Amino acid sequence: MRVLIFGAGGQLGRDLLRVFQADYTVIALTHAQANIVEGEAVRLAVRDARPDLVLNAAAYTDVEKAEDDERGAFHTNANGSQRIAEAAAAIEVPVVYFSTDFVFDGTKRDAYTPEDKTSPKSVYAKSKLRGEENTLWNNPQSFVIRTAWLYGPGGNNFVEKILKAAASRPSLRVVSDEIGSPTYTRDLAAATHALVKTRKYGIYHGVNAGTCSRYEFAQAIVKEAGLETPIEPCLASEFPMKAARPAYSVLSNEKLETASGIVMPEWRDALARYMKQRENAA
Ligand SMILES: NC(=O)c1ccc[n+]([C@@H]2O[C@H](COP(=O)([O-])OP(=O)(O)OC[C@H]3O[C@@H](n4cnc5c(N)ncnc54)[C@H](OP(=O)(O)O)[C@@H]3O)[C@@H](O)[C@H]2O)c1
């Protein structure tokens, strides 16, 4: 079996490559090798790779920048994803599109299911939702997997930002009124690997199990790193951002776990494994 990955240089793309290469021939294309907004480049990449499966891990992920660059965000997340879905459909192979907890407004107080009503509040979130729709509409063999608070190898993610800040500042203040599920790209890649084999197409949620606030997550990161930098909780309103973020974005894994037979690991366990992998890579 052959799998083609777009966005292979991103943090999720790198772990998809690692996980799928166990039993697939992987053709991994970075942004420099295939720009997904160029329809012809996507079509030729799919034609040359002759894949049995296409993974779309390419995305415009700068949530703040997107507020001033709606065109750019939609170009990649909505139009580029449509090109990928169409090219995969043309050779009758499945496509996986990764989406975000940001498609919800965060007003619910228990875990969001894939059937819950979406209500994106930022440009990024709207562009990702359009990407979901364009994928599902253009390829009958589509998986949409929504995830959240991703961290993985090579990414400028929350874990790396906290580690850097904790090593260079006397103390930190981190928001305690944003609740979600931190997710290790390695675990999401493994879940994707299990799910695609089912051929049960549709929308899924895939995050590490358990929930926490950004403050609790930061505490766990600092502890895991053996640092003693004090962290104080604060409110999101103290750090005004251009893009609105859901205050509560816990996603339910139930549909994914029932379909694939896998159980998503706890976020604390995932964080410990990430830190170990990071040490080994250093
Ligand atoms: N990060 C999170 O917290 C988070 C949360 C929920 C959902 N997600 C979703 O999960 C998926 C993976 O995210 P990630 O964290 O791995 O993001 P990432 O590290 O930013 O990776 C995205 C990759 O896509 C590439 N890319 C951007 N525009 C492209 C284009 N026009 N053509 C081809 N490649 C392009 C980027 O390359 P350049 O760096 O060179 O631009 C980057 O390598 C995305 O769909 C994202 O929306 C992420």
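Definitions and cut-offs
- Residues numbered from 1 in each chain as written.
- Predicted model: local features only at pLDDT ≥ 70, side-chain atom pairs only at ≥ 80, totals over all residues.
- Heavy atoms only, no water.
- Buried < 20%, exposed > 50% of the residue type's maximum accessible area, 1.4 Å probe, protein only.
- Helix = DSSP H or I, 4+ residues; strand = E, 2+ residues; numbered from the N terminus.
- Contact = heavy atoms within 4.5 Å.
- Phe/Tyr/Trp six-rings, centres within 6.5 Å; stacked < 30°, edge-to-face > 60°.
- Lys NZ or Arg CZ within 6 Å of the ring centre and 35° of its normal.
- Pairing = 2+ DSSP bridges.
- Axes fitted to C-alpha atoms, helices over the stretch in contact; angles between N-to-C directions.
- Left-handed = near helix turned anticlockwise from the far one by under 90°.
- Nonpolar A, V, L, I, M, F, W, Y, C, P; charged D, E, K, R; others polar.
- Near = heavy atom within 4 Å.
- Polar contact = N/O pair within 3.5 Å; in protein donor to acceptor, adjacent residues only side chain to side chain.
- Areas by Shrake-Rupley, 256 points an atom, 1.4 Å probe, with all protein chains shown as cover.

### With respect to helix α8 (residues 214–224)
- Those residues of α8 that sit buried are R214, Y215, F217, A218, A220, I221 and V222.
- Of the surrounding elements, those touching the buried residues of α8 are β6 (150–151), α6 (158–168), β7 (172–175), β11 (212–213), β12 (231–234) and α10 (267–281).
- Just past α8, the residue G226 takes up positive phi, approximately 75°.

### A look at the side chain of D15
- With respect to the helices, strands and loops of the structure, D15 is situated in helix α1 (residues 11–20).
- Using a relative accessible area of 0% as the deciding quantity, one classes D15 as buried.

### Quick word on the environment of T61
- Within the secondary structure layout, T61 lies in the loop between β3 (53–56) and α3 (63–66).
- The sequence separation of T61 and K128 amounts to 67 residues, and the corresponding C-alpha distance is 9.4 Å.

### Re the packing of aromatic side chains
- One pass over the structure, following the stated rule, counts 12 aromatic pairs.
- Measuring from centroid to centroid gives 5.1 Å for F20 and Y24, while their planes differ by 55°, and the two rings are tilted. This pair shows no difference in class: F20 is buried, exactly as Y24 is.
- Aromatic pair F217 and W267: ring centres 5.7 Å apart, planes at 90°, arrangement edge-to-face. Placement of the pair is F217 in helix α8 and W267 in helix α10, with a sequence separation of 50 residues.
- Ring pairs connect the aromatic residues W149, Y151, F158, Y184, F217, W267 and Y274, which therefore count as one cluster.
- The ring of Y204 has K255 lying over it, and the distance from NZ or CZ to the ring centre is 4.7 Å.

### Some words on the sheet that holds β3
- In space, the 6 strands of this open sheet follow the order β2-β1-β3-β4-β5-β10, with parallel pairing throughout. The open sheet terminates on both sides in strands that have one partner only, identified here as β2 (25–29) and β10 (202–205). Taken pair by pair, the neighbouring strands of this sheet meet at an average axis angle of 20°, ignoring direction.
- Along the sheet, helix α4 (residues 70–90) makes contact with β1 (2–6), β3 and β4 (95–100), crossing β4 at roughly 160°.
- Strand contacts of helix α5 (residues 123–138): β4, β5 (142–147) and β10, with the helix running at about 155° to β4, the strand carrying the most contacts.

### Focus on the packing of α6 against α8
- Running from N to C, α6 and α8 cross one another at 65°; their axes reach a closest spacing of 10 Å. Crossing hand, α6 versus α8: right-handed. Contact with α6, carried on its side by F158, V159, I162, L163 and A166, involves R214, F217, A218, I221 and V222 of α8 and no other residues of that element.
- Of the residues that constitute the contact of α6 with α8, the class distribution is 9 nonpolar, no polar and 1 charged.

### A closer look at the site of the ligand
- Not every one of the 23 residues close to the ligand is listed here, only the nearest: Q11, N35, T61, Y124 and K128.
- Within the side chain of H31, a nitrogen or oxygen atom sits 3.0 Å from an oxygen atom of the ligand.
- Note that an oxygen atom of the ligand is positioned 2.7 Å from one of the side-chain N or O atoms of Y124.
- Summarising the interface, the protein chains cover 78% of the accessible area of the ligand, which totals 900 Å² for the free molecule.
- Of all the elements in the fold, those that place two or more residues in the shell around the ligand are α1, β4 and α5.
- The element that contributes the greatest number of residues to the shell around the ligand is β4, accounting for 3 residues.
- For the shell around the ligand, a count of residues per class yields 12 nonpolar, 10 polar and 1 charged.

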